[in-house]
Amino acid sequence: MSRDYVDDLRWGWRCPRCDADATVTKDPRTETFLWECPEESCSAIGFGFSSRRKARIALREYRERYNEIYR
Ligand SMILES: [Zn+2]
């Protein structure tokens, strides 16, 4: 693979816990990005990222950690 996975737009924003489409927004108060699961029963969230790219990396790492623990 020659491409950095982070720059591959086909890699989606999926909640690590329930696979719902996570939403990514910028918090205007702190000027940071956050991702959030839309499912009320799940409510996974990550915040404080300086860029969408960083939020995306964190989302991926969250998924990897989650899979390691619960697989
Ligand atoms: Zn979720």
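Calculation rules
- Residues numbered from 1 in each chain as written.
- Predicted model: local features only at pLDDT ≥ 70, side-chain atom pairs only at ≥ 80, totals over all residues.
- Pairing = 2+ DSSP bridges.
- Helix = DSSP H or I, 4+ residues; strand = E, 2+ residues; numbered from the N terminus.
- Axes fitted to C-alpha atoms, helices over the stretch in contact; angles between N-to-C directions.
- pLDDT = per-residue confidence, 0-100.
- Core = buried A, V, L, I, M, F, W, Y, C linked by C-beta atoms within 7 Å.
- Buried ≥ 20, exposed ≤ 12 C-beta atoms within 10 Å, placed from the backbone.
- Contact = placed C-beta atoms within 7 Å.

Engineer: It is not clear to me how unusual backbone geometry should be interpreted in this structure. Could you clarify?
Structural biologist: Trans is the prevailing form of peptide bonds, just as negative phi is the prevailing case for residues other than glycine. One non-glycine residue, E31, lies in positive phi territory at about 60°. Phi is positive for S43, which is not a glycine, with a value near 50°.

Engineer: How should the sheet that holds strand β1 (residues 23-27) be read in this particular structure?
Structural biologist: Two modes of strand pairing occur in sheets, parallel and antiparallel, and in both the strands are linked by backbone hydrogen bonds. Spatially, β1-β2-β3 is the arrangement adopted by the 3 strands of the open sheet, whose pairing is antiparallel. In this open sheet, the two edge strands, each paired with only one partner strand, are β1 and β3 (45-49). Strand-to-strand twist across the sheet, computed as the mean angle between neighbouring axes with direction ignored, equals 20°. Looking at chain direction, strand β2 (residues 32-36) and β3 are connected through 4 bridges and run antiparallel. By the bridge assignment, W35 is partnered in β3 with G46.

Engineer: What's the story with the confidence of the model for the protein in this structure? I'm lost.
Structural biologist: One rule of thumb: low pLDDT means the predicted coordinates there are not for detailed reading. Averaged over all residues, the pLDDT of the protein is 82; the fraction at 70 or higher stands at 80%. Per-element confidence in the protein ranges from a low mean pLDDT of 85 for helix α1 (residues 52-70) to a high of 94 for β3.

Engineer: When you look at the nonpolar core in this model, what are you seeing that I'm missing?
Structural biologist: Nonpolar side chains tend to gather and get buried jointly when the protein is soluble and globular. Counting residues in each nonpolar core, the largest one holds 8 residues, listed as C15, A22, F33, W35, C37, F49, A55 and L59. Elements that contribute at least two residues to this core include exactly β2 and α1. Look past the residues within four positions of W35 in its chain and what remains in contact with it is W13, A22, T23, V24, G46, A55 and L59.

Engineer: Hey, could you run me through the pairing of β1 in this one?
Structural biologist: Regular strands place their side chains on alternate faces of the sheet. Among the 5 residues in β1, 0 count as buried, and that is only a small part of the element. By the bridge criterion, 5 bridges tie β1 to β2 in an arrangement that is antiparallel. Bridging across to β2, D27 finds its partner in T32. Between β1 and β2, which pair antiparallel one after the other, the connecting turn spans 4 residues, and E31 there sits at a positive phi close to 60°.

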